[in-house]
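# Descriptive structure summary
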Amino acid sequence: MTTSQSTTSTAIDTKIEAVLRQHAEQQFAAELAELSKIDTRQRPPNWKLSPWAVRTYLMGGQLDNGFVVTPKYVGNARLMEIAIATLATDRALLLYGIPGTAKSWVSEHLAAAIAGDSTLLIQGTTGTDENAIRYGWNYARLLVEGPSEKALVVSPMMQAMQDGKIARIEELTRIASEVQDTLITILSEKTLPVPELNTEVQARKGFNVIATANNRDKGVNELSSALTRRFNTVILPLPSSIEEEIQIVDRRVASLGKALELPAEKPALEEIRRVVTVFRELRSGKTIDGKTKIKSPSGTLSTAEAISVINNGLAMAGYYGDGELHAGDLAAGLTGAIVKDPVQDRVVWLEYLQTVVKEREGWKDLYRACHEVL
Ligand SMILES: Nc1ncnc2c1ncn2[C@@H]1O[C@H](COP(=O)(O)OP(=O)(O)OP(=O)(O)O)[C@@H](O)[C@H]1O
Ligand SMILES: [Mg+2]
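Residues numbered from 1 in each chain as written. Chains lettered and ligands numbered in written order. Predicted model: local features only at pLDDT ≥ 70, side-chain atom pairs only at ≥ 80, totals over all residues.

When helices and strands are counted, the protein chain shows 18 helices and 11 strands. Principal-axis analysis of the C-alpha atoms places the extent of the protein chain at approximately 75 × 50 × 40 Å. Nonlocal contacts in the protein chain, meaning residues at least 24 apart in sequence, comprise 69% of its contacts between residues at least 6 apart. (Helix = DSSP H or I, 4+ residues; strand = E, 2+ residues; numbered from the N terminus. Contact = placed C-beta atoms within 7 Å.)

Structure, rendered in structure tokens:
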């Protein structure tokens, strides 16, 4: 059975440089190849790398031969070990947490390192139906030929089962509960029946599922307890320290800026520190020194949004500024990220600008620039 998936990936391979966002296994192909070369440890059946090498790929490190693997996840290595070990068992993995904590990012990199393929993806929405998880039909063919293997449209889940790879489900809790339950048989029996063809697909070794879900969004459905029992849940936290968060933003901004070919200098770490400080203070409801209490805005102010604010500022600096990131390039993006509710959040932001930003040594430029766009 062929899928549209495999046709698209051959088309992409020919013009990989022109692609806006490469899949993790393409972007980090050199690292994965190098790890595979030196990896002599035991690999679970059909895994591309050993759990040790997958961990090194995620957390980064220097290999004995001097090759440097860049960190993908910045944070607690133990969480990644639990996630990787889960995938070597018969339980599926659920990455859970508030928005912007790298759930999708980690899921993609895990699939890339373990199966060499992060593209077997089902995006969960309220409209996701059983066919998206199991299989569908090419109706033109179905009408002419009746049910046949050729008329069957293979889902990413079925493909992952056939190939012994990782299937990814994004935003699992957005999918209606009765559709979610389709997963129960797949996860416990490792089989997908196709009654129309009087057959079934039995998962090959190496198959497993990574799902992500966040607990903040509106309109989410609970996971049924039957399904919860089939997942190991790993909760991804917000970066614990400001230094960690600055490091995450710095790395992602550098790599995004390169991909977008922005004509701006790499931002000064000090500018990143200011944005991250603002985010952390507003999120926690107090200043970093703990002295002043402040109100929190309605949005989540995730690390992912801090990355966008800087990236947006770089575009402004590159195309309309002097190519170097200043407060004036950041102000609009920063205000937009914080003021989600035009009334309440505006009050919160104004108060923070007055009581904290204005008074802080060396922050006058940021105060002025933000005040201007409000
Ligand atoms: N601890 C971290 N280590 C590395 N990157 C991180 C970390 N936290 C956030 N990021 C970065 O934040 C960005 C957003 O992450 P991602 O989209 O995976 O979030 P998410 O948890 O899936 O959010 P959502 O719930 O909105 O889907 C990514 O570019 C990722 O690199
Ligand atoms: Mg996500």
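Moving on: the packing of helix α3 (residues 29–38) against helix α4 (residues 51–59). Contact geometry of α3 with α4 gives a least axis separation of 10 Å together with a crossing angle of 150°. Classified by the angle between their axes, α3 and α4 sit roughly antiparallel to one another. For the element pair α3 and α4, the recorded crossing hand is right-handed. Every residue of α4 that contacts α3 at E31, L32 and L35 is listed here: A53, T56 and Y57. Counted by class, the contact of α3 with α4 contains 4 nonpolar, 1 polar and 1 charged residues. (Axes fitted to C-alpha atoms, helices over the stretch in contact; angles between N-to-C directions. Parallel < 35°, antiparallel > 145°, perpendicular 65-115°, else oblique. Left-handed = near helix turned anticlockwise from the far one by under 90°. Nonpolar A, V, L, I, M, F, W, Y, C, P; charged D, E, K, R; others polar.)

What follows deals with the site of ligand 1. Around ligand 1, 18 residues are found, and the nearest of them are P99, K103, S104, W105 and A304. Of all the secondary-structure elements, those providing two or more residues to the shell around ligand 1 are α6 (103–115), β10 (208–214), α13 (242–260) and α15 (303–319). Partitioning the shell around ligand 1 into residue classes produces 9 nonpolar, 7 polar and 2 charged. Summarising the domain contributions, the shell around ligand 1 has at least three residues from each of domain 1 (4–235) and domain 2 (242–373). (Near = placed C-beta within 6 Å. Domains from an automatic or database assignment.)

The next thing to look at is helix α14 (residues 269–284). Between its first and last C-alpha, α14 extends 22 Å over 16 residues, near the 22 Å set by a 1.5 Å rise per residue. Elements in contact with the buried residues of α14: α13, α15, α16 (327–338), α17 (344–357) and α18 (364–373). After α14 finishes, the residue G285 shows a positive phi value of roughly 80°. (Expected span 1.5 Å × (residues − 1).)

The pairing of strand β8 (residues 191–194) with strand β9 (residues 199–202) spans 4 bridges and is classified as antiparallel. Looking across to β9, one finds that T191 is bridged to Q202. Between β8 and β9, which follow one another and run antiparallel, lie 4 residues, and N198 among them has a positive phi close to 55°. (Pairing = 2+ DSSP bridges.)

With that settled, the discussion passes to the environment of G61. Tracing the chain through its elements places G61 in strand β1 (residues 61–62). For the pair G61 and P71, spaced 10 residues apart in sequence, the C-alpha separation works out to 7.2 Å. Non-local contacts of G61, meaning those with residues more than four positions away in its chain, are made with T56 and V69.

Let us look at the nonpolar core. Counting residues in hydrophobic clusters, the biggest one holds 95 residues, and the most contacted among them are L110, I114 and V275. Residue-level mapping places this core at the junction of two domains, with at least three residues from each of domain 1 (4–235) and domain 2 (242–373). Those residues in contact with I114 that lie beyond four places of it in its chain are W47, K48, L49, V54, L87 and I166. (Core = buried A, V, L, I, M, F, W, Y, C linked by C-beta atoms within 7 Å. Buried ≥ 20, exposed ≤ 12 C-beta atoms within 10 Å, placed from the backbone.)

Here we take up the domain arrangement of the protein chain. Structurally, the protein chain comprises domain 1 (4–235) and domain 2 (242–373). Its C-alpha centre places domain 1 at a distance of 34 Å from the equivalent point of domain 2. Between domain 1 and domain 2, the contact holds 8 residues from the first and 9 residues from the second. Partitioned by chemical class, the residues of the side of domain 1 that touches domain 2 number 3 nonpolar, 3 polar and 2 charged.

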